[in-house]
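Letter by letter, the chains look like this.
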Amino acid sequence: MREGASLVVVGASAGGVLALRSLLSGLRADLAASLVIVLHIRESGVDSLIGLLNQSSRIPVREALHGAPIETGVAYVAPGNYHLLIEREGCFALSVDDKVCHARPSIDVLFASAADAWRGPLVGVVLTGSNEDGARGLAEIRARGGRAWVQSPAEAEAPQMPEAAVRVAGADAVLPLADIARNINQAFPP
Amino acid sequence: MKRSVEDIELGLFVEALKQRHGYDFSGYAEASFRRRVQGLCIHFRTDNISQLTEQLLHDRIAIGDVVSQLSVPVSEFFRDPPSFATLRRAVFPVLASYPHINIWQAGCARGEEVYSLAILLTEAGLYDRCRIYATDISGHALAAAREGVYPDRELRQSASSYFEAGGSGTLSDYFHARYGHIKLDDDLKRNVTFAEHNLALDGVFCEAQLVLCRNVLIYFKPPLQRRALDLFHASLVRGGFLCLGNKESLSRHDIGDHFALVDRQGPLYRRVLDTDA
C-alpha cells in the first residue's frame, strides 16, 4: 500500500443497488482513492451486482478477495455471507463472525476495521437502507479523524440508515448522491 | 496515540495467553483477531485490553471462555450448499472405493458442518464406513458439538440449504424439535470423534481421505496457514481431498507440489506426490 493512500468506505442496504450504480457512474475515471463497498444483498446477488456496476462505472469494480491488496482507482464489493475487514498492510481480510445488525457483511464491521487499520485519508459514506448498520462504524471513522458523508434521507429510497448515521455519528455533509460523487472526485484528484 | 497503545496491549495479551496458558495466537491474522479481542473486552466488561490481560493472568476469567470467543464462533448447516454438492459429486464416488474412510474436519466449531456432512454421507450410503474426526481449538465449542442441540431460528434456511446441497430426504428426519431448539439424532454422531486440536501447535494424528477446513485459514496469517496446509498434506492419503471455505484459496501459497485444484466450487484440492518435495 502506498503511504498515505486514500480510502472511501461505502455502506448501503435497501435501495442500494441503484444508489451504488448512480454513485459510481459519477466518479472520475482517474480517481486517486480506493472504494470499498458493503451492500446488504443475497450472497447469490454479488456477482451480478459487480457486473451491473461495471457497466456504468468508469473505475473497475471487483469482488474483495481475502488477502488481495487494495488498489487505488478500483472499487471493491464485499462477498456475500462474510464480513470484510481491512488489514494494516493494505489488503482485505474476510471473517465469518456473528452477524451485526442481522447482516453479514456488516457495514459497521468494515467501517470499524477501516478506522482501526487505515493510515491515509479516510471517508465513510452511508447510503439508503432500512436498518442502522453503519451508524456506529461511521462514528468510529469520525473519531479517528475521517470524514463522513451521508446520503440525504429525502433522496434515499429507505431513509432509516442515513438518518441513524446522522443521529449516532453526525456527518460532515448530508447530500444527494450526485454531490457525494462530486465530493469524492474533488477530494481525490489524480 | 490511542491506537498504538492498543497495539501494545494486544501484543501483551497474546503473550499472556501463551505464557500463562500455552495458547499461541501470534500467528492469527490481525484485523479479525483484534476485533475479537475488542469483543472480549465488551463481553467481560473491561475498559481496555490491559484489564482483560490482568483478569486473565489472575484467573478472574476462564481460559475456556477466552479461547471459545477467539476461535471460529459461527457456522451454519450446509453453509454454502454448492460446496456440499461438489463434495457429493466429486469426492463421494472416490470415497466409496475405500473399505474404510477417515475424514478430518479441522475447526468444527459447534458442529453444524459435521452433522451436515454426516447427513449427506448417510444418504450416500457411506457413513457406516466412515470415522469422522471433528477437531477444534475450543473445548466449549466441542462440548456444544457433542451435544448437538441448536436454536431453531435458522431452521428454514437450513432446510433450504440442505435441499440445495443435494439432500435426498427431509431435514426434519434427522432431528427432534423442542422448546425452540433442535437436537440432532445421536445416530449421526456414532462414527464421529470430537477432540481438541490446535492447528498452531499440534501435529498429525490420522491418515485421511478427506480433510475439510472451511473458513479457518482466513483467520491465520500466511505462515500459520502454511503450517496448517503442511499438516493437511501430511495427513492426507495420496489423492486425498482438501476442501476449504468458498472464498478461500491456496493461490497465494506455493503449493504446486502439494495440492492441485480440482474444482473452484468448494474449493476442492487434491493431494499430489507421495513424498514431500
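Structure's up top.
Residues numbered from 1 in each chain as written. Chains lettered and ligands numbered in written order. Predicted model: local features only at pLDDT ≥ 70, side-chain atom pairs only at ≥ 80, totals over all residues. Heavy atoms only, no water.

I tried to follow the nonpolar core on my own but got confused; where do I start?
Most often, soluble globular proteins keep nonpolar side chains buried together rather than apart. Ranked by internal contacts, the top residues of the largest apolar core, which has 79 residues, are Phe13, Phe232 and Leu242 of chain B. With 6 residues, the single largest contributor to this core is helix α3 (residues 107-117) of chain A. Excluding residues within four positions of it along the chain, Phe232 of chain B makes contact with Trp104, Ala106, Leu199, Val211, Cys213, Leu242 and Phe259 of chain B. Within the second largest apolar cluster, 40 residues are counted, among which are Val114, Tyr127, Ile132 and Phe175 of chain B. (Core = buried A, V, L, I, M, F, W, Y, C linked by side-chain atoms within 4.5 Å. Buried < 20%, exposed > 50% of the residue type's maximum accessible area, 1.4 Å probe, protein only. Helix = DSSP H or I, 4+ residues; strand = E, 2+ residues; numbered from the N terminus. Contact = heavy atoms within 4.5 Å.)

I keep staring at the side chain of Asp80 of chain B and nothing clicks. Help me out?
Inspection of the secondary structure puts Asp80 of chain B in the loop between α4 (63-70) and α5 (81-95). We classify Asp80 of chain B as buried; its relative accessible area is 10%. Among all residues touching Asp80 of chain B, those that are not within four sequence positions of it are Glu43 of chain A together with Arg214, Asn246, Gln265 and Gly266 of chain B.

Any chance you could explain the interface of chain B and chain A here in plain terms?
Reports often express the size of an interface as the amount of accessible area lost when the parts come together. Contact with chain B, which involves 25 residues of that partner, is made by 26 residues of chain A. Across the chain B/chain A interface, buried area totals approximately 2,100 Å², and carbon plus sulfur atoms make up 43% of it. Put simply, chain B and chain A have 6 salt bridges between them. Its salt-bridge partner being Asp97 of chain A, residue Arg36 of chain B comes within 2.7 Å of it at the nearest N-O pair. (Buried area = accessible area lost by both parts, 1.4 Å probe. Salt bridge = Lys/Arg side-chain N within 4 Å of Asp/Glu carboxyl O.)

Even after reading the chapter, I still don't get empty space enclosed by the protein, so can you show me in this structure?
Take a probe with the size of a water molecule and roll it over the atoms, and the empty space left behind shows itself. Residues and elements named next belong to chain B. All told, the structure shown has 3 cavities of 30 Å³ or more when counted by the stated rule. In this structure, the largest cavity spans a volume of roughly 160 Å³. Of the residues in the lining of the largest cavity, the class split is 9 nonpolar, 5 polar and 2 charged. Reported here for the second largest cavity is a volume of approximately 110 Å³. What lines the second largest cavity is a set of 13 residues, and nearest its centre among them are Val72, Val74, Ser75, Glu113 and Arg214. (1 Å grid on protein atoms, 1.4 Å probe; cavity = no way out; pocket = protein on both sides within 12 Å on 5 of 7 lines; lining within 4 Å. Points joined across faces, edges and corners; volume = space filled by probe spheres on them. Nonpolar A, V, L, I, M, F, W, Y, C, P; charged D, E, K, R; others polar.)

Would you explain helix α7 (residues 139-147) of chain B in this entry?
Since one α-helical turn is 3.6 residues long, residues separated by three or four positions face the same way. Residues and elements named next belong to chain B. Of the positions making up α7, those classed as buried are Ala141, Leu142, Ala144 and Ala145. Buried residues in α7, looked at end-on, bunch into an arc of 160°, giving them a common side. On its buried side, α7 packs onto α6 (112-123), β2 (130-136), β3 (149-151) and β6 (192-196). Following α7 by one or two positions, Gly148 adopts a phi angle in the positive range, close to 70°. (Arc of directions from axis to C-beta.)

When you look at the packing of aromatic side chains in this model, what are you seeing that I'm missing?
Where two aromatic rings form a pair, the distance of their centres and the angle of their planes describe that pair. A complete count under the given rule lists 14 aromatic pairs over all chains for this structure. Summarising the aromatic geometry, the rings of Trp104 of chain B and Phe205 of chain B are spaced 4.9 Å apart at their centres and angled 80° between planes, so their arrangement reads as edge-to-face. Taken together, the residues Trp104 of chain B in strand β1 (residues 101-106) and Phe205 of chain B in the loop between β6 and β7 (208-213) connect sequence positions 101 residues apart. Centre to centre, the rings of Tyr133 of chain B and Phe205 of chain B are 5.5 Å apart; their planes meet at 80°, and the pair counts as edge-to-face. Remark: Phe205 of chain B occurs in the loop between β6 and β7 and Tyr133 of chain B occurs in strand β2; sequence separation between them is 72 residues. Each residue in the set Tyr23, Phe25, Tyr28, Phe33 and Phe220 of chain B is aromatic and connected to the rest through ring pairs, giving one cluster. When the ring centre of Tyr82 of chain A is taken as origin, the NZ or CZ atom of Arg79 of chain B, which lies over that ring, is 4.7 Å away. Stacked on the ring of Phe84 of chain B, the Lys or Arg Arg214 of chain B has its end atom at 5.5 Å from the ring centre. (Phe/Tyr/Trp six-rings, centres within 6.5 Å; stacked < 30°, edge-to-face > 60°. Lys NZ or Arg CZ within 6 Å of the ring centre and 35° of its normal.)

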